[in-house]
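# Coordinate analysis (summary)
Read off the chains here:
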Amino acid sequence: MMSEHTETPLKKVLIICAKGSLEDVYAALVMANGAVMEGIEAKLFFTFFGLDGITKKRMNKLHTATLGNPAMRMPGGMQFPSLLGVLPGVESGVSSMMRKEMDALDMPPVDEFLEMITAGGGEVFACKLAVDMFKLKKEDLSDEVEDIITIGQFYEMAGGENTQIIFT
C-alpha cells in the first residue's frame, strides 16, 4: 500500500552569506529575491567575508574568485587555469567580464538588489561577531541592513513550520 505524500509549501528561508566573492553574494541575493517574489518570508544574514556584500565601500566592487575555483571557465568553456589568477589584473578582468555578463541579463548591482529585496518584504542582517571583528559600524553598512545581530538572534527567527536555512 502506497502512502499519500502531502507537500507543504515553504514559508520562510533564512540565508547565510559568509563569503564575499561576486558569485557567493549574488547567490544569496538571487535566492532571497526569488523567495520574496514567491511570497516566501526571506531573511539574509551576512557574516565574515560575506559582510563585503553589505558594506557600502565594497558591495558594488565585489570580485570573482579566480584562485581555487575549479568550476571557473574561460570563454569557450575551457577550464580556467587556477595559476593565471595570481597574475596582476587577471582577477579584476575576470570580475569585470562577470559583471558584463550579469548586466546583459539585467541583474542589478548589489545595492539595488538589496533595495528590491527589502522593498518586497525581505530583511537583511549583519553578524555582530563579524562586524566587531572587522571593526565596522552600522553606518558602514547598506541602509537596507535592518540590524546587527548575533547568530543566536538569527536562529530565533527560524521558528515556525516549513522554514529552511540556506548557507552560501
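Residues numbered from 1 in each chain as written. Predicted model: local features only at pLDDT ≥ 70, side-chain atom pairs only at ≥ 80, totals over all residues. Heavy atoms only, no water.

### Re the overall build of the protein chain
Quick note on the threshold: The numbering of helices and of strands both runs from the N terminus, where a helix is a DSSP run of H or I of at least 4 residues and a strand a run of E of at least 2. In these tables, accessible area is a Shrake-Rupley quantity obtained with a 1.4 Å probe, and a residue counts as shielded only by the protein chains included in the view.
Counting its secondary structure elements, the protein chain contains 5 helices and 5 strands. If one aligns the C-alpha atoms of the protein chain with their principal axes, the spans along those axes are about 55 × 50 × 25 Å. Surface accessibility of the protein chain: about 9,900 Å² in total, with carbon and sulfur atoms responsible for 58%.

### Notes on the sheet that holds strand S3 (residues 123–127)
Heads up, the rule is: The rule for pairing is simple: two strands pair if DSSP sees at least two bridges between them. Only the stretch in contact is used when fitting a helix axis, every axis being a line fitted to C-alpha atoms; angles between N-to-C directions are given from 0 to 180 degrees. Contacts are assigned to residue pairs that have any heavy atoms within 4.5 Å of one another.
Strand order across the open sheet formed by 5 strands is S4-S3-S2-S1-S5, with parallel pairing between neighbours. Where the open sheet ends on each side, the last strands, each with one partner, are strand S4 (145–149) and strand S5 (163–167). Neighbour-to-neighbour, the strand axes of this sheet turn through a mean angle of 20°, independent of strand direction. In this structure, strand S2 (residues 41–46) lies alongside S3, joined through 4 bridges in parallel fashion. Looking at S3, one finds that Phe46 is bridged to Ala126. With respect to the sheet, helix H1 (residues 22–37) is in contact with strand S1 (12–17), S2 and S5, its orientation differing from that of S2 by roughly 160°.

### Section: the nonpolar core
One recurring pattern in soluble globular proteins is that nonpolar side chains are buried together. What counts, and what does not: By nonpolar core is meant a set of buried Ala, Val, Leu, Ile, Met, Phe, Trp, Tyr and Cys residues that side-chain atoms within 4.5 Å join together. Working definition: with a 1.4 Å probe on protein chains only, accessible area under 20% of the residue-type maximum means buried, over 50% means exposed, and in between means partly exposed.
Counting residues in hydrophobic clusters, the biggest one holds 39 residues, and the most contacted among them are Leu29, Leu44, Phe46, Leu51, Ile54 and Val110. Counting residues per element, the ones that place at least two in this core are S1, H1, S2, helix H3 (110–119), S3, helix H4 (128–133) and S4. Sorting elements by how many residues they give to this core places H1 first, with 8 residues. In contact with Ile54, other than residues within four places in its own chain, are Phe46, Met59, Leu114, Val124, Phe125, Ala126, Asp140, Leu141, Ser142 and Val145.

### Structural notes on the packing of H1 against H3
Rules: When describing relative orientation, an angle under 35 degrees is termed roughly parallel and one over 145 degrees roughly antiparallel, while 65 to 115 degrees is termed roughly perpendicular and anything else oblique. Note on convention: near helix rotated counterclockwise from far helix by under a right angle means a left-handed crossing. Clockwise means right-handed.
One way to put it is that H1 packs onto H3 with a least axis distance of 9 Å and a crossing angle of 25°. With respect to each other, H1 and H3 are oriented roughly parallel. For the crossing formed where H1 meets H3, the hand is left-handed. Contact residues: Val25, Tyr26, Leu29, Val30, Ala32, Asn33 and Val36 in H1; Val110, Phe113, Leu114, Met116 and Ile117 in H3.

### Some remarks on H1
Note the following rule: One less than the number of residues in a helix, times 1.5 Å, gives the span that helix is expected to have.
With 16 residues, H1 extends 22 Å from end C-alpha to end C-alpha; this agrees with the ideal 22 Å at 1.5 Å per step. Considered for burial, the residues of H1 that qualify are Leu22, Asp24, Val25, Tyr26, Ala28, Leu29, Ala32, Asn33, Ala35 and Val36. On the buried face of H1, the contacting elements are S1, S2, helix H2 (90–104) and H3. Looking one or two places after H1, you find Gly39, whose phi comes out positive at around 80°.

### Quick notes on the side chain of Thr168
Note that Thr168 resides in the segment after S5. Assessed through its relative accessible area of 13%, Thr168 is described here as buried. Leave out the neighbours within four places in its chain, and Thr168 touches Ile15, Ile16, Cys17, Ala18, Asp24, Ala28 and Met31.

### Some details on the side chain of Lys43
This is how it is decided: As used in this structure description, the phrase polar contact means that two N or O atoms lie within 3.5 Å; if the pair is within protein, one of them must be able to donate a hydrogen and the other to accept it, and residues adjacent in sequence are counted only when both atoms belong to side chains.
Locating Lys43 in the fold gives a position in strand S2. Residue class for Lys43 comes out buried when judged on its relative accessible area of 6%. Within the structure, Lys43 has its side chain in polar contact with the side chain of Glu41 (distance 3.0 Å). Among all residues touching Lys43, those that are not within four sequence positions of it are Lys12, Val13, Leu14, Ile15, Glu123, Phe125, Phe154 and Met157.

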